[in-house]
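Examination of the molecular architecture
So the chains spell out like this:
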Amino acid sequence: MRKQYFEINQPVFHGGELYFTMKQAEVNLDVTRTDYQRIKNELVLQVKKAYYSLAKSKENLKFQNELSEEVNKIQDSVNKQFEAGIVPKSELLNVISQTGQVKFQLISAEGDVSMAGLVLKQSMNIDHKDKIDIDPKLKFKKLDIDFDQVLRAAFMNRAEMKINSMMLQYYKYEKNISSGKGMPKVDMMGNWGLAKEEVAPNDMLGPTNPGSPTPIFSVDQ
């Protein structure tokens, strides 16, 4: 005999347990999506801050180079004037001191560019040996912003606050699920399939007792 069938189990009433479990899963999905967007925005913000920091450092380095060239010209002029006896030694020493300070600022600016470039590479998750260059000339557009409106929008769209609000709903569904577990449950159950039985004739089974009935082939459904 061979049987083939499958069973069907359909919940009818579980005190809302299954419904609230589904709603809780939907809220959990929204929480995950919001948290993903929050992490993405934070990464984008880190890259933007590093980019603008590098642009600012490169602009400062350009300014320090121009200043250093100008100071070197002044020092050369003062040196010639000192050698000609036009300016006193104190004036020459003052210019030399100012030139040294400008050189220090130039070296510091070069270090700031290197550090800002490294931070940008780290925020972009690229190898520190790779070369990266940007256009330091940035164009900004002035916007008329209402501070109160921006602050209100920040509170309404802040990811942490949205997640906390959704978690309140999540725990509310958890409470409903716990209440539903104590309610009576009604399920519909059934099965459907085929049962097949095969019996060989007497001449295939060998000698049998005289007068015994002959087996037949039958199929039950």
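Residues numbered from 1 in each chain as written. Predicted model: local features only at pLDDT ≥ 70, side-chain atom pairs only at ≥ 80, totals over all residues. Heavy atoms only, no water.

**Focus: a nonpolar patch on the surface**
On the surface, a cluster of nonpolar side chains totalling about 460 Å² of accessible area is made up of Val12, Phe13, Met183, Val186 and Met188. Along the chain, Val12 turns up in strand β1 (residues 2-13). (Patch = residues over 30% accessible without salt bridge, like charges linked within 9 Å, V, L, I, M, F, W, Y side chains within 5 Å. Areas by Shrake-Rupley, 256 points an atom, 1.4 Å probe, with all protein chains shown as cover. Salt bridge = Lys/Arg side-chain N within 4 Å of Asp/Glu carboxyl O. Helix = DSSP H or I, 4+ residues; strand = E, 2+ residues; numbered from the N terminus.)

**A look at the confidence of the model for the protein**
Reading fine detail from the predicted coordinates is not recommended where pLDDT is low. Here the protein averages 83 in pLDDT, while 87% of its residues score no lower than 70. Long-range and interchain partners of residues 211-221, a stretch whose pLDDT sits below 50, account for 15 contacts in this model, where long-range means more than four residues apart. (pLDDT = per-residue confidence, 0-100. Contact = heavy atoms within 4.5 Å.)

**Details of a negative patch on the surface**
There is a patch of like negative charges on the surface, built from Glu59, Glu66, Glu69, Glu70 and Asp135. Along the chain, Glu69 falls in helix α1 (residues 17-83). (Lys, Arg positive; Asp, Glu negative; His and termini not counted. Charge placed at Lys NZ, Arg CZ, Asp CG, Glu CD.)

**Things to note about the pattern of salt bridges**
On inspection of all chains with the given rule, the structure shows five salt bridges. A salt bridge links Lys23 to Glu26, with the shortest nitrogen-to-oxygen separation between them at 3.3 Å. Highlighted residues: Lys23 and Glu26, both in helix α1, separated by three residues, approximately one helical turn. Lys23 gets classed as partly exposed once you look at its relative accessible area, which sits at 21%. (Buried < 20%, exposed > 50% of the residue type's maximum accessible area, 1.4 Å probe, protein only.)

**A short note on the packing of α1 against helix α2 (residues 89-123)**
At their nearest, the axes of α1 and α2 sit 8 Å apart, and the two run at 160° to each other. The pairing of α1 with α2 is recorded here as roughly antiparallel in orientation. When the axes of α1 and α2 are compared, the crossing they make is left-handed. Classifying every residue of the contact of α1 with α2 by side-chain character gives 20 nonpolar, 14 polar and five charged. (Axes fitted to C-alpha atoms, helices over the stretch in contact; angles between N-to-C directions. Parallel < 35°, antiparallel > 145°, perpendicular 65-115°, else oblique. Left-handed = near helix turned anticlockwise from the far one by under 90°. Nonpolar A, V, L, I, M, F, W, Y, C, P; charged D, E, K, R; others polar.)

**With respect to the side chain of Glu17**
One can find Glu17 in helix α1. The class of Glu17 is buried, set by a relative accessible area of 16%. What Glu17 contacts, discounting residues up to four positions off in sequence, is Ile177, Gly180, Lys181 and Lys185.

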